[in-house]
Amino acid sequence: MASQSTRPAQDGDADPLWRHEKYLDIGEDMNVPDDFTQNEMVTGMWWRHLVAGGVAGAVSRTCTAPLDRLKVYLQVHGTKSTSIKTCLQSMLHEGGFWSLWRGNGINVLKIAPESAIKFMAYEQAKCVIRGTQARELTIYERFCAGSLAGGVSQTIIYPLEVMKTRLALRKTGQYKSIVDAARKIYLHEGPKSFYRGYVPNLLGIIPYAGIDLAVYETLKNSYLRKHSSNESPSVFLLLACGTISSTTGQVCSYPLALVRTRLQAQVITAQPGGTIAAHPSTMTSLIREIFRNEGVSGLYRGLTPNFMKVAPAVAISYATYERCRETLGVNMT
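Note that residues are indexed from 1 along each chain, following the sequence as it is written. In keeping with the model being predicted, local features are shown solely for residues with a pLDDT of at least 70 and side-chain atom pairs are shown and tallied solely at 80 or more, while totals for entire chains, interfaces and linings include all residues. To get the side-chain values, take all heavy atoms of the structure and skip hydrogens and water.

As a reminder of what qualifies: UniProt positions are given in the numbering used here, feature names are shortened, and annotations may be inferred rather than shown by experiment.
An unreviewed UniProt entry lists the chain under the name Calcium-binding mitochondrial carrier protein SCaMC-3 isoform X3, with Thrips palmi as the source organism. If you open the UniProt record of the chain and go to Subcellular location (unreviewed entry), you find "Mitochondrion inner membrane". A UniProt comment under Sequence similarities (unreviewed entry) is attached to the chain, and it reads "Belongs to the mitochondrial carrier (TC 2.A.29) family."

Written as structure tokens, this is what we have:
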């Protein structure tokens, strides 16, 4: 589903809002999933929260798709001399205005299966960790369960991630549809191409989820120490905490995300003797190449448009989530 800055409820949470008012989509979904109460599980409120979050993510990603494609383009084709302006002009010249939304269709399409798989895997992981004991999981146990759930969901839907990158970078007329793109990639490059960049993507889950959760809990606990347990935090504070924690996690794991995207974009050609890459490189060799040719800044190529989309993404996803929540009859108490 959308990249939601939802965090587990801890004993002493001042308000249920700490859990459910943070469905913020900033383009990645590697954080620890939400925890629902027993009452929400029994009454079916949990799936309404997931549906509202999914719709919010779809609207947010569609509205910020041009900035996301700009980020992907800079990650793969950007150099020290490439500016955002020249990159944007190049995309508009090659494919016109609507080309800015290339790859958005599959980016929205993967929200439903990813959120469903992640939710089920998270619940199963919590049951295994908890065992026969009826107790609340610690923050560290939730982090482990969330990371495991993220790994499972990413493993299953990863071919869609590769497809998203390929479709975002495609030239005019290269693919007729998502199905046509999948067929051509499979026939010309083989099935292994659908898991290019899988290792850095999996490794990126740990720093993203860990830092995201740690920063959020630090901000939340700082607020709770200074305010009454009966005092509800403002919407602005909730949005700020969720945005800061998710953005921090994303920045710290960004080099791995860039390496993943470059590996996904590499075209490989199936040969009778095996599958050979046009520009063969592994995760480590690619990192060394980037560092040697571009320095540390090369590992953060495309970070500016990524920051540019944070504010509108947060505002749109929050507003959409609230409207969907009200329509589905979900209250925050």
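Once you've had a look at it, read on.
Topic: the overall build of the chain
Where we set the bar: In this text, helices come from DSSP runs of H or I with a minimum length of four residues, and strands from runs of E with a minimum of two, each type numbered from the N-terminal end. Residue exposure (1.4 Å probe, protein chains only): buried if accessible area is under 20% of the type maximum, exposed if over 50%, otherwise partly exposed. All accessible-area figures derive from a Shrake-Rupley calculation using a 1.4 Å probe, and residue coverage is judged against the displayed protein chains alone.
Secondary structure summary: the chain contains 15 helices and two strands in total. In the chain, which comprises 333 residues, the proportion classed as buried is 52%. About 15,100 Å² of surface is accessible on the chain, with carbon and sulfur atoms providing 64% of the total.

Concerning the pattern of salt bridges
The criterion, for reference: For this document, the term salt bridge refers to a Lys or Arg side-chain nitrogen within 4 Å of an Asp or Glu carboxyl oxygen.
A complete count under the given rule lists 14 salt bridges for this structure. Here Lys-71 and Asp-68 are joined by a salt bridge, their closest N and O atoms 3.5 Å apart. Here the residue Lys-71 and the residue Asp-68 both occupy positions in helix α4 (residues 65-77), the gap between them amounting to three residues, near one helical turn. Asp-68 shares its class with Lys-71; the two are buried.

Things to note about the packing of helix α3 (residues 45-63) against helix α15 (residues 310-327)
The condition is simple: Every axis in this analysis is a line fitted to C-alpha atoms, fitted for helices over the stretch in contact. Angles between the N-to-C directions lie between 0 and 180 degrees. What makes a crossing left-handed is the near helix being turned counterclockwise from the far one by less than a right angle; a clockwise turn instead makes it right-handed. The contact definition used throughout considers only heavy atoms, calling two residues in contact when any of these lie within 4.5 Å. Side-chain classes follow a simple rule in which Ala, Val, Leu, Ile, Met, Phe, Trp, Tyr, Cys and Pro form the nonpolar group, Asp, Glu, Lys and Arg form the charged group, and the remainder, Gly included, forms the polar group.
Look at α3 against α15: their axes get within 8 Å of each other, and the N-to-C directions meet at 145 degrees. Here α3 runs over α15; the crossing is right-handed. Where α3 abuts α15, its residues His-49, Ala-52, Gly-53, Val-55, Ala-56, Val-59, Ser-60 and Cys-63 lie against Ala-313, Ile-316, Ser-317, Thr-320, Tyr-321, Cys-324 and Arg-325. A breakdown of the residues in the contact of α3 with α15 according to their chemical character gives nine nonpolar, five polar and one charged.

Quick notes on the packing of aromatic side chains
Stated formally: Each Phe, Tyr or Trp ring (for Trp, its six-membered ring) is paired with any other whose centre lies within 6.5 Å, and the angle between the two planes then decides the class: stacked below 30 degrees, edge-to-face above 60, tilted in between.
Taken as a whole, this structure holds eight aromatic pairs when the rule is applied. Counting every residue linked through ring pairs, the aromatic cluster contains Phe-97, Trp-98 and Trp-101.

Things to note about the side chain of Ser-153
Formally: The definition of a polar contact used here is a pair of N or O atoms within 3.5 Å, where within protein one atom must be able to donate a hydrogen and the other to accept one, and adjacent residues in sequence count solely through side-chain atom pairs.
Assignment of secondary structure puts Ser-153 in helix α8 (residues 139-169). Given a relative accessible area of 0%, Ser-153 falls into the buried group. A polar atom in the side chain of Ser-153 sits 3.1 Å from the backbone oxygen of Gly-150.

What to know about the layout of surface pockets
What counts is decided by this rule: Two kinds of site are reported from a 1 Å grid over the protein atoms alone, namely cavities, where a 1.4 Å probe fits but cannot get out, and pockets, open sets with protein on both sides within 12 Å along at least five of seven lines, and residues are called lining when an atom falls within 4 Å of a point. Grid points are joined across faces, edges and corners, and a volume is the space filled by probe spheres set on the points.
Its boundaries defined by the atoms lining it, the largest pocket holds a volume of some 730 Å³. Taken together, 30 residues line the largest pocket, and the ones lying closest to its centre are Val-76, His-77, Ala-265, Gln-266 and Val-267. Mapped onto the lining of the largest pocket, the elements with two or more residues apiece are α4, α5 (84-95), α8, α9 (178-189), α12 (254-265) and α13 (283-294). Here the lining of the largest pocket takes five residues from α13, the largest share from any one element. Residue composition of the lining of the largest pocket, grouped by class: 12 nonpolar, eight polar and 10 charged.

Concerning α4
Here is the rule: Residue count minus one, scaled by 1.5 Å, sets the expected span of a helix.
With 13 residues, α4 extends 18 Å between its outermost C-alpha atoms, agreeing within 8% with the 18 Å of an ideal straight helix rising 1.5 Å per residue. Turning to α4, its buried residues number three or more, namely Ala-65, Pro-66, Leu-67, Asp-68, Arg-69, Leu-70, Lys-71, Val-72, Tyr-73, Leu-74, Gln-75 and Val-76. Buried-residue contacts for α4 involve α3, α5, α6 (104-109), α8, α12 and α14 (303-308).

Quick look at the nonpolar core
To keep things clear, this is the line we draw: In plain words, nonpolar cores are sets of buried Ala, Val, Leu, Ile, Met, Phe, Trp, Tyr and Cys residues tied together by side-chain atoms within 4.5 Å.
Counting 11 residues, the largest nonpolar core is built from Leu-70, Val-72, Tyr-73, Leu-74, Val-76, Cys-87, Met-91, Leu-100, Ala-168, Leu-169 and Ala-265. Counting residues per element, this core draws most heavily on α4, at five residues. Setting aside residues up to four positions removed in sequence, Leu-100 forms contacts with Ala-65, Pro-66, Arg-69, Leu-88, Met-91 and Leu-92. Counting nine residues, the second largest nonpolar core, distinct from the first, contains Leu-258, Met-283, Leu-286 and Ile-290.

Topic: a nonpolar patch on the surface
Heads up, the condition is: Like-charged residues are merged into a patch within 9 Å and nonpolar side chains (Val, Leu, Ile, Met, Phe, Trp, Tyr) within 5 Å, provided each residue has over 30% relative accessible area and no salt bridge.
A cluster of nonpolar residues, Trp-47, Val-51, Val-55 and Val-59, forms a patch on the protein surface that exposes about 290 Å² of accessible area. Tracing the chain through its elements places Val-51 in helix α3. Since its relative accessible area comes to 37%, Val-51 is described here as partly exposed.

Quick notes on the environment of Asp-35
Relative to the elements of secondary structure, Asp-35 occurs in the loop between α1 (17-20) and α2 (38-43). Taking the C-alpha atoms as reference, Asp-35 lies 9.2 Å from Arg-142; in sequence the two are 107 residues apart.

Concerning the packing of helix α10 (residues 198-226) against α12
A packed helix pair is summarised by two numbers, namely the angle formed by the two axes and the spacing between the axes. Worth spelling out the cut-off: By the definition adopted for this analysis, an angle is roughly parallel if under 35 degrees, roughly antiparallel if over 145, roughly perpendicular if from 65 to 115, and oblique otherwise.
Between α10 and α12, the shortest axis-to-axis distance is 9 Å and the interhelical angle comes to 165 degrees. In terms of orientation, α10 and α12 fall into the roughly antiparallel class. In terms of crossing hand, the pair formed by α10 and α12 is left-handed. In this structure, α10 uses Pro-200, Asn-201, Leu-203, Gly-204 and Pro-207 to contact α12, whose residues at the interface are Leu-256, Val-259, Arg-260 and Leu-263. Considering only residue class, the contact of α10 with α12 consists of six nonpolar, two polar and one charged.

Regarding the confidence of the model for the chain
Going by this rule: Values of pLDDT, ranging from 0 to 100, describe the predictor's confidence in every residue of the model.
Taken over all residues, the pLDDT of the chain has a mean of 85, while the share at 70 or more is 87%. Taken as a whole, residues 1-14 scores under 50 in pLDDT and shows 78 contacts with residues more than four places along the chain or in a different chain.

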